[in-house]
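# Examining the three-dimensional arrangement
These are the residues of each chain, in order.
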Amino acid sequence: MHCLKSLRTANPGILQLFKNAGISARVGADSIVLSRTQQPVPLPCWAAASPHIHRALHHQKGPDVDKGHSNRSRLMSSMEDLLFYTITEGKEMIPLSQFISALRKTGLLTSDPRLRDCVRQMRQSTRDSIGPVMMDKKLFRRCVGNNIMLLTKAFRKKFIIPNFEEFAQQINKMYDSAQQQEGGQVADYIPQLAKFSPDLWGVSLCTINGQRHSVGDTKVPFCLQSCVKPLEYAIAVHEIGSERVHHFVGKEPSGFKFNKLSLSEEDKPHNPMVNAGAIVISSLIKPDSNKAERFDYVMEFLKSMAGTEYVGFSNATFQSERETGDRNYAIGYYLKEKKCFPDNADMIAALDFYFQLCSIEVTCESGSVMAATLANGGICPITGERVLSAEAVRNTLSLMHSCGMYDFSGQFAFHVGLPAKSGVSGAVLLVVPNVMGMMCWSPPLDRLGNSVRGIHFCQELVSHFNFHNYDNLRHFTKKHDPRRRSDEDPNKSVVNLMFAAYSGDVSALRRFALSALNMEQTDYDSRTALHIAAAEGHVEAVIFLTEICKLNPHMKDRWGNTPLDDAMQFGHDVIVSVLEEYQGVYDSDSPCDTEEQKSTLDTLKGIV
């Protein structure tokens, strides 16, 4: 009775979590380990039922199929509860705006297609509510739905850039630095391009997990121009294969201007990133289809790469390109003379198609998702759709690295060391393989045709972060690695865990559990967090570490004491009762239950 009275003073959110947690997550050294006990029906708390009741409930069995489904359902419910109380820091409800803010700090946006159902539920709640919307556990479960794995991964900081908020702040500083660059001239040889203000400047990024950040003029549409060249090349390789494409186009940097009338010794365009190569590639995409079908085909491809975000077309720019494209017509006739096109190819149709592709519009935001699709091996991060083959992506990134920045390609590869493609609209499409894609846009160009601010930003990025292809990730300590978690130091994690247990900080313990920290790690005296919490008399912390994290109550410190011994020594009667009850249930597990939990864990691992 004394135990029950004391437990009433505990955080109601924690106690409610214990009641609902049929199967609870326990964090191990390398992965989430399922709880050692499975309860067919919810229990109020360990101190509220005798071991006889526990055993009676423990042996209630149903059909295997129903039990497996029930186990998975309880597991999901427990994960939802743990995630909810982690976000709310133990509160029973928070303003909906606070949840959205916490979500954005992980890098996920409410516009993410993967969160469509979640956002729809939030909007419905907003419409149905008179005042400010409060998110309780019921609404949270409704919103989370099928997104529990994605959101758990986000809040556990398991995305490629775990401390995304800090990373985004650094990007903002680089943006501000690049904005101070006043040099360059807006391209005027295509009349439509000359109409853009030289003050426009935007940067967007998208990681391979779909984390997003934008700063500046990132919603203003602009034409891809030469940034479409690697994309059309990737589509061609995806469709007809690398061997067929390179029968007509080479792979070497030209050493000349992008619009020079020049071919290799084999009478091929030097590479797909110069005008001659891109014109030939245009003739290889869907050659048997009519003009409208070919254009629609590429547009659909680009929309898939952009995760259905904005991809448009500027007819004014297209007409302007045709009227002022004398050099490109000269290149076309030169290619025709040298028989560079496939048999039966229409040179004028290929040029028109090329002009159309250069006139496709994107924003920095949609362009960054395209770049992220390349960074992610051809899979769009925000939809999960496989858009391009691995071969197409690898070849595209290789050519972007060696030929993507016009006559500046060698210097860019040397100083920045990343695949990129620039366009005379002021765009720079940048790919950090296996990490993220970026789109920088500012119309003023340098003498080589590259965006002044875009180049400055890329150089700043690589000078601060170790993104250069040849940066040593282990020994080069002068640069920052945003892929590394700040709590990766094992010594630091032990200190933080023990301090949280010492101070009874259940919110911190919950964050550690959700981040897959080994909750059973010990300090230099071989004491676990359960030892510390029991010795200090923190009831809530002890209940969390036992009922939720399922720590081993029999672990001994270097003096041979268990957590129960410590609780007895310091006279914490409530904790003694809780630990005695927990030990009885912990010791009564059957081997078949352990195997069943292992099977459920394997299923969970596969989903994650």
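Look up a bit, the structure's there.
Residues numbered from 1 in each chain as written. Predicted model: local features only at pLDDT ≥ 70, side-chain atom pairs only at ≥ 80, totals over all residues. Heavy atoms only, no water.

Another aspect to go through is the overall build of the chain. Looking only at helices and strands, one finds 27 helices and 14 strands in the chain. Residues classed as buried in the chain amount to 57% of the 608 residues present. In the chain, of all internal contacts separated by at least 6 residues, the share reaching a separation of at least 24 is 70%. (Helix = DSSP H or I, 4+ residues; strand = E, 2+ residues; numbered from the N terminus. Buried < 20%, exposed > 50% of the residue type's maximum accessible area, 1.4 Å probe, protein only. Contact = heavy atoms within 4.5 Å.)

Spatially, the five strands line up as an open sheet ordered β7-β6-β13-β12-β11, and their pairing is antiparallel. Because the sheet does not close on itself, it has two edges, and the strands there are β7 (212–216) and β11 (420–422). Taken over all neighbouring pairs, the strand axes of this sheet differ in orientation by 10° on average, direction set aside. Of the pairings in the sheet, the one linking β11 to strand β12 (residues 427–432) comprises three bridges and is antiparallel in character. Opposite A420, over in β12, you have L430 as the bridge partner. Sheet strands in contact with helix α17 (residues 364–375) are β6 (202–207), β7, β12 and β13 (436–441), and its direction is about 145° off that of β13. (Pairing = 2+ DSSP bridges. Axes fitted to C-alpha atoms, helices over the stretch in contact; angles between N-to-C directions.)

In this section: the side chain of S125. Position of S125 relative to the elements: it lies in helix α6 (residues 116–128). On the basis of relative accessibility, which here comes to 11%, the residue S125 falls in the buried class.

Read across the sheet, three strands follow the order β8-β10-β9 without closing on themselves; strand pairing throughout is antiparallel. Each edge of the open sheet is held by one strand with a lone partner, namely β8 (222–223) and β9 (311–313). Judged from the three bridges that link them, β9 and strand β10 (residues 360–362) form a sheet pairing that is antiparallel. Its bridge partner lying in β10, F313 is registered against I360.

Here helix α24 (residues 539–548) lies mainly inside the structure; eight of its ten residues are buried. Those residues of α24 that sit buried are A541, V542, I543, F544, L545, T546, E547 and I548. Phi turns positive, to about 60°, at K550, one or two residues after α24.

Here we take up the packing of aromatic side chains. Going through the model one piece at a time under the given rule, you end up with 17 aromatic pairs. Residues F84 and Y85 carry aromatic rings whose centres are separated by 5.2 Å and whose planes lie at 70° to one another, so their mutual orientation is edge-to-face. Aromatic pair W201 and F457: ring centres 6.2 Å apart, planes at 70°, arrangement edge-to-face. Taken together, the residues span a long stretch of sequence, with W201 in the loop between β5 (185–186) and β6 and F457 in helix α20 (residues 452–464) at a distance of 256 residues. (Phe/Tyr/Trp six-rings, centres within 6.5 Å; stacked < 30°, edge-to-face > 60°.)

So, about the packing of helix α12 (residues 275–284) against helix α16 (residues 347–358). The packing of two helices is summarised by the inter-axis angle and the distance between the axes. Remark: α12 packs on α16, axes separated minimally by 8 Å, with the N-to-C direction vectors making an angle of 110°. In terms of orientation, α12 lies roughly perpendicular with respect to α16. Note on element contacts: α16 touches α12 through A350, L351, F353, Y354 and L357, opposite N275, A278, I279, S282 and S283. Residues of the contact of α12 with α16, tallied by class, amount to seven nonpolar, three polar and no charged. (Parallel < 35°, antiparallel > 145°, perpendicular 65-115°, else oblique. Nonpolar A, V, L, I, M, F, W, Y, C, P; charged D, E, K, R; others polar.)

Where α6 contacts helix α7 (residues 137–144), the two axes come as close as 7 Å, and the packing angle between them is 140°. Between α6 and α7, the crossing angle belongs to the class labelled oblique. Touching C118, Q121, M122 and S125 of α6 are L139, R142 and C143, all from α7. In terms of residue class, the contact of α6 with α7 is made up of four nonpolar, two polar and one charged.

This part is about the pattern of salt bridges. Opposite charge on two side chains makes pairing possible when the charged atoms of those side chains draw close. One pass over the structure, following the stated rule, counts 13 salt bridges. In this structure, D112 and R114 form a salt bridge, with 2.6 Å as the shortest nitrogen-oxygen distance. Between E239 and K286 there is a salt bridge, with the nearest N and O atoms lying 3.9 Å from each other. Taken together, the residues E239 in helix α10 (residues 228–240) and K286 in the loop between α12 and α13 (291–305) connect sequence positions 47 residues apart. For E239, a relative accessible area of 39% corresponds to the partly exposed category. (Salt bridge = Lys/Arg side-chain N within 4 Å of Asp/Glu carboxyl O.)

Examined bridge by bridge, β6 and β7 share five bridges and lie antiparallel to one another. In the strand pairing of β7, G202 is matched with G216. As consecutive antiparallel partners, β6 and β7 are separated by four residues, and within that stretch G210 has a phi angle of approximately 90°, a positive value.

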